[in-house]
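As a plain string of letters, each chain reads:
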Amino acid sequence: QVQLVESGGGSVQAGGSRRLSCAASGRTFTSYAMGWFRQAPGNERDFVATISWSGSNRYYTDSVKGRFTISRDNAKNTVYLQMNRLKSEDTAVYYCAAAPRGSYPPTLQYEYDYWGQGTQVTVSS
């Protein structure tokens, strides 16, 4: 089992920045690629970004490329999502998730075994 707890959500004005954190506990953190998904009201949960177990590979959905950066600190069992130049359409509940080592990049929900409870990010224009 892996437990994931997100933090860092809140309200921010358009153009601003926010950093989300996801702390993991349980099984070996480096056994998993980590990802971030988001779900806006009335929408499905969508892939945002993923990072390989070593941190050497990162993959983003097109809408956040150049604005968001995913990173991880394996010594702290934590994955981050730095979000810059935020837009109103980034408003959503953000979830972190853990995917067992397998094909990379994991961009589909079913590829992830464990999920956090989510943290709300609201971007006001």
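Note that the structure is a prediction, hence the values are computed from the model and not measured.

Draft legend 1. Up close: the packing of aromatic side chains. Scanning all chains against the criterion turns up six aromatic pairs. Measuring from centroid to centroid gives 6.0 Å for Tyr32 and Tyr114, while their planes differ by 80°, and the two rings are edge-to-face. Pair noted here: Tyr32 is in strand S4 (residues 32-39) and Tyr114 is in strand S10 (residues 114-115), with a separation of 82 residues, a long-range link. Residues Tyr32 and Tyr114 agree in their burial class; the two are buried. An aromatic cluster of at least three residues, connected via ring pairs, comprises Phe37, Phe47, Tyr59, Tyr112 and Trp115. Above the ring of Trp115, the side-chain terminus of Arg45 is found at 5.0 Å from the ring centroid.

Draft legend 2. Representation of the state of the cysteines in the model. For the coordinates displayed, the defined rule picks out one disulfide. Two residues share a disulfide in this structure: Cys22 and Cys96, whose sulfurs sit 1.9 Å from each other. Judged by the sign of its S-S torsion, about 40°, the cystine formed by Cys22 and Cys96 is right-handed. On the criterion of sequence distance, the pair formed by Cys22 in strand S3 (residues 18-26) and Cys96 in strand S9 (residues 92-100) is long-range, its members being 74 residues apart.

Draft legend 3. Just the side chain of Glu6, in detail. Positionally, Glu6 belongs in strand S1 (residues 2-7). Of the side chains bearing the opposite charge, Arg45 lies closest to the buried Glu6, which forms no salt bridge; the N-O distance is 7.4 Å. Among the polar contacts listed, one links the side chain of Glu6 to the backbone nitrogen of Gln117, at a separation of 3.0 Å. Sequence-distant contacts of Glu6, defined by excluding residues within four places in its chain, comprise Ser21, Cys22, Trp36, Tyr94, Tyr95, Cys96, Gly116, Gln117, Gly118 and Thr119.

The rules behind the values
Residues numbered from 1 in each chain as written. Predicted model: local features only at pLDDT ≥ 70, side-chain atom pairs only at ≥ 80, totals over all residues. Heavy atoms only, no water. Phe/Tyr/Trp six-rings, centres within 6.5 Å; stacked < 30°, edge-to-face > 60°. Helix = DSSP H or I, 4+ residues; strand = E, 2+ residues; numbered from the N terminus. Buried < 20%, exposed > 50% of the residue type's maximum accessible area, 1.4 Å probe, protein only. Lys NZ or Arg CZ within 6 Å of the ring centre and 35° of its normal. Disulfide = S-S within 2.5 Å. Lys, Arg positive; Asp, Glu negative; His and termini not counted. Salt bridge = Lys/Arg side-chain N within 4 Å of Asp/Glu carboxyl O. Polar contact = N/O pair within 3.5 Å; in protein donor to acceptor, adjacent residues only side chain to side chain. Contact = heavy atoms within 4.5 Å.

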